[in-house]
Amino acid sequence: MNTRILLVEDDERLAELTAEYLTKNDLQVSIEPRGDTAEGRILAEQPDLVILDVMLPGKDGFAVCRAVRQQYRGVILMLTARDEDFDQILGLEMGADDYIAKPVQPRVLLARIKALLRRLPTAGDSPQNESEKMVFGQFRISQATRTASLSDETIDLTTAEFDLLWLLATHAGNVLSRDDLLQELRGIGFDGLDRSIDARISRLRKKLNDDPENPTRIKTVRGKGYLFSKHDWN
């Protein structure tokens, strides 16, 4: 039971039931009911994954996510109101790695947690080889170290942002649809409403110094999807 999870949820009964279920599935779970104290705990304890509710006493989940994102290197999974696109997109814009709508069945939550944790590097990862890194002009990205840089400056990426960027880069020059990206990254198809990919693309463009009005590095192909350019990286 080495994987540490901090569950930030003010509904005491729900938190206890969720923690009990996850603990039975070999996860070490701590509970924090307040947003204002959650921030300090996340930074001090550095859990592998944080399950972060939006509505919290003291400080809401969005504010907590934004406050810790630069110093917390683990995964943030936000619990949002069902079908509230605004909550979901805002959470991603604040730096969350993924979101799941409440109420959620425990087994669905567990599956999402396991999928997110599989993306994290482990101490036993094999040494880097050429297939695990790519270079496009001044842009470099490494799967082994899960890092990216532009003009020798490290780009600060969340786990989800790195996964999306790596997926786009491995298909450089080819268009990937939202359905392609969602299937690969989250195991679900595009329902015509999910804007999570769009939100992450917007964040990536900012971090890659790509013109949001006329992007050339991650291009939008109208009606089809997104294309990572092999050029325009100098």
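Residues numbered from 1 in each chain as written. Predicted model: local features only at pLDDT ≥ 70, side-chain atom pairs only at ≥ 80, totals over all residues. Heavy atoms only, no water.

Trainee: Is there a simple way to think about the packing of aromatic side chains in this case?
Mentor: Centre-to-centre distance and the angle between the planes together describe a pair of aromatic rings. Evaluation of the coordinates by the stated rule reveals 5 aromatic pairs. Each ring, one from Phe-139 and one from Phe-228, has its centre 5.9 Å from the other, and the planes form 50 degrees; the classification is tilted. Of this pair, Phe-139 sits in strand E7 (residues 139–142) while Phe-228 sits in strand E12 (residues 225–228), and the two are 89 residues apart along the sequence. Taken individually, Phe-139 and Phe-228 each receive the classification buried, so the pair is uniform in this respect. (Phe/Tyr/Trp six-rings, centres within 6.5 Å; stacked < 30°, edge-to-face > 60°. Helix = DSSP H or I, 4+ residues; strand = E, 2+ residues; numbered from the N terminus. Buried < 20%, exposed > 50% of the residue type's maximum accessible area, 1.4 Å probe, protein only.)

Trainee: Quick question: what am I supposed to make of the pairing of strand E1 (residues 4–8) here?
Mentor: Both faces of the sheet carry side chains from a regular strand, because those side chains alternate between them. Of all 5 residues in E1, 4 are buried, a share of seventy percent or more. The pairing of E1 with strand E2 (residues 28–32) spans 5 bridges and is parallel. If you follow Ile-5 over to E2, its bridge partner there is Val-29. Taken together, E1, helix H1 (residues 12–24) and E2 constitute a β-α-β crossover, and its handedness is right-handed. (Pairing = 2+ DSSP bridges. Right-handed = clockwise from strand over helix to strand, strands pointing away.)

Trainee: Is there a simple way to explain the nonpolar core in this structure?
Mentor: Here is a general trend for soluble globular proteins: nonpolar side chains tend to be buried in one another's company. Among the nonpolar cores identified, the biggest contains 28 residues, and Phe-139, Ile-141, Leu-165, Leu-168, Ile-218 and Phe-228 are the most heavily contacted of them. Those elements that provide at least two residues to this core are strand E6 (133–136), E7, strand E8 (147–150), helix H6 (159–170), helix H7 (178–186), helix H8 (196–207) and E12. The element best represented in this core is H6, accounting for 7 residues. If we ignore the near neighbours within four places in the chain, the residues touching Leu-165 are Phe-139, Ile-141, Ala-148, Leu-157, Leu-204, Leu-208, Ile-218 and Phe-228. Grouped together as the second largest cluster of nonpolar side chains are 21 residues, Ala-38, Cys-65, Met-78 and Tyr-99 included. (Core = buried A, V, L, I, M, F, W, Y, C linked by side-chain atoms within 4.5 Å. Contact = heavy atoms within 4.5 Å.)

Geometric descriptors of this kind do not, in isolation, establish any biological role.
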